[in-house]
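Structural overview for review
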Amino acid sequence: MKKIIIAIDGFSSCGKSTMAKDLAKEIGYIYIDSGAMYRAVTLYCLEHNLFNADGSIRESELKSRMKDIRITFRLNPETQLPMTFLNGTNVEERIRTLEVSSHVSPVAALGFVRQAMVEQQQAMGKEKGIVMDGRDIGTAVFPQAELKIFVTASARIRAQRRYDELKAKGQDVSFEDILKNVEERDRIDQTREISPLRKADDAILLDNSRMTVNEQKEWLKERFNEAANE
Ligand code: CDP
């Protein structure tokens, strides 16, 4: 069985990270959530007042500070899942709020932000044996990935899944706000100029609207076995 790169792209809140994490754990691969990196940059912007009142970003200020933004991952010793660190501080919880979700897509559309993140992501995949999820992994980060999956589900189903997840964490959110955020992020992610969200020609399409977590896990493992044994 050869060591491969697995790229999982798709729309917001479609369960990419759940399936990517589960697979990585089972096959002993490294899991990288590339969205967490864009979320961490966004949290930095929120905490350093880099947004104007109208929601636009102070681009030149962010650009000059990019060298001060260091994003790393460390494994949680109990769950064996990666936690996101921003300049040495664990921000895993704070990057998952609706406030960060509402600001992340314009930040992720900036060329200099993408360039910095993609460089780090490519370095992480040098040795292969990695599962990475995001928006441009199969198209821009690892166009040579041996297995590419593109995940989608209806916007309402995705919003419901995110709503349940945030509620379970005790966050006070409304379903309508989440649905609006999911649709707005999809719009910005698909229409941005640099590396827009799109299915790579050689990616396998998965609509998981009617699949359980277990069914999609099994489905992905079969795809992995096929790709790694090729
Ligand atoms: O968890 P969810 O699918 O809702 O989003 P995420 O994977 O955490 O990504 C958050 C945001 O980061 C996305 O809406 C994109 O704007 C951006 N992103 C990106 O541009 N490129 C990636 N490879 C990953 C995320």
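Here the structure is a predicted model, which means the values were calculated and not measured.

In contact at an axis separation of 10 Å, helix 1 (residues 16-27) and helix 9 (residues 213-228) are set at 55° when each is read in the N-to-C sense. Judged on the interaxial angle alone, helix 9 and helix 1 are oblique. Crossing of helix 1 against helix 9: the hand is right-handed. Residue-level contacts link Thr18, Met19, Asp22, Leu23, Glu26 and Ile27 of helix 1 to Val213, Gln216, Lys217, Trp219, Leu220, Lys221 and Phe224 of helix 9. Partitioned by chemical class, the residues of the contact of helix 1 with helix 9 number seven nonpolar, two polar and four charged.

Turning our eyes to something else, we now look at the sheet that holds strand 5 (residues 89-90). Read across the sheet, three strands follow the order 3-4-5 without closing on themselves; strand pairing throughout is antiparallel. If you trace the sheet from one side to the other, it starts and ends with strand 3 (71-75) and strand 5, each paired once. Of the strand pairs in this sheet, strand 4 (residues 82-86) and strand 5 are connected by two bridges, and their pairing is antiparallel. Within the sheet, the bridge partner assigned to Leu86 lies in strand 5 and is Thr89.

On inspection of all chains with the given rule, the structure shows 14 salt bridges. The partner of Lys128 in a salt bridge is Glu146, and the shortest N-O contact between them spans 2.4 Å. Taken together, the residues span a long stretch of sequence, with Lys128 in the loop between helix 5 (111-124) and strand 6 (130-134) and Glu146 in the loop between helix 6 (137-141) and strand 7 (147-152) at a distance of 18 residues. Look at Lys128 and you get partly exposed, because its relative accessible area is 32%. Residues joined by salt bridges that share partners form a network here, namely Asp33, Glu92 and Arg96.

Cut-offs and rules
Residues numbered from 1 in each chain as written. Predicted model: local features only at pLDDT ≥ 70, side-chain atom pairs only at ≥ 80, totals over all residues. Heavy atoms only, no water. Axes fitted to C-alpha atoms, helices over the stretch in contact; angles between N-to-C directions. Helix = DSSP H or I, 4+ residues; strand = E, 2+ residues; numbered from the N terminus. Parallel < 35°, antiparallel > 145°, perpendicular 65-115°, else oblique. Left-handed = near helix turned anticlockwise from the far one by under 90°. Contact = heavy atoms within 4.5 Å. Nonpolar A, V, L, I, M, F, W, Y, C, P; charged D, E, K, R; others polar. Pairing = 2+ DSSP bridges. Salt bridge = Lys/Arg side-chain N within 4 Å of Asp/Glu carboxyl O. Buried < 20%, exposed > 50% of the residue type's maximum accessible area, 1.4 Å probe, protein only.

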